[in-house]
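# Tertiary structure, described
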Amino acid sequence: MDTKDSNGNVLQDGDSVHVVKDLKVKGMTTILKRGNVVKNIRLTGSLNEVECRVGKSTVVLKTEFLKKA
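## Concerning the pattern of salt bridges
- A complete count under the given rule lists 2 salt bridges for this structure.
- Residue Asp 15 is joined to Lys 68 by a salt bridge in which the shortest nitrogen-to-oxygen separation is 3.6 Å. Taken together, the residues Asp 15 in the segment before strand 1 (17-19) and Lys 68 in strand 8 (residues 66-68) connect sequence positions 53 residues apart.
- For Lys 68, a relative accessible area of 33% gives the class partly exposed.

See below:
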C-alpha cells in the first residue's frame, strides 16, 4: 500500500506538502495554519502518518490534513 494525501496523491520521502486545516500540535504553543508548506517529509511505518520538522521540532502529522505541494 502507498501513503496518500487527502486528495489521493501518493506521497514519498522528501516531498513537500500543504496543511489543509489549522492544526493544534500537542506539546507546541504554535498552531500550524492552513496553507503552511512543510518540506522534506519522511514516511513512517503507518500509512496515514508522516514525520516532518516544524521549526526545530519533529512532529508526526496525519495525511488526511495534508495535500501534496
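## Some words on the sheet that holds strand 1
- Ordered in space as 4-1-8, the 3 strands form an open sheet in which the pairing is antiparallel. Edge positions in the sheet fall to strand 4 (37-38) and strand 8, since each has one partner strand and no second.
- Here 3 bridges tie strand 1 to strand 8, and the two strands are oriented antiparallel to one another. Across the sheet, residue Val 19 finds its bridge partner in strand 8, namely Leu 66.

What counts and what doesn't
- Residues numbered from 1 in each chain as written.
- Predicted model: local features only at pLDDT ≥ 70, side-chain atom pairs only at ≥ 80, totals over all residues.
- Heavy atoms only, no water.
- Salt bridge = Lys/Arg side-chain N within 4 Å of Asp/Glu carboxyl O.
- Helix = DSSP H or I, 4+ residues; strand = E, 2+ residues; numbered from the N terminus.
- Buried < 20%, exposed > 50% of the residue type's maximum accessible area, 1.4 Å probe, protein only.
- Pairing = 2+ DSSP bridges.

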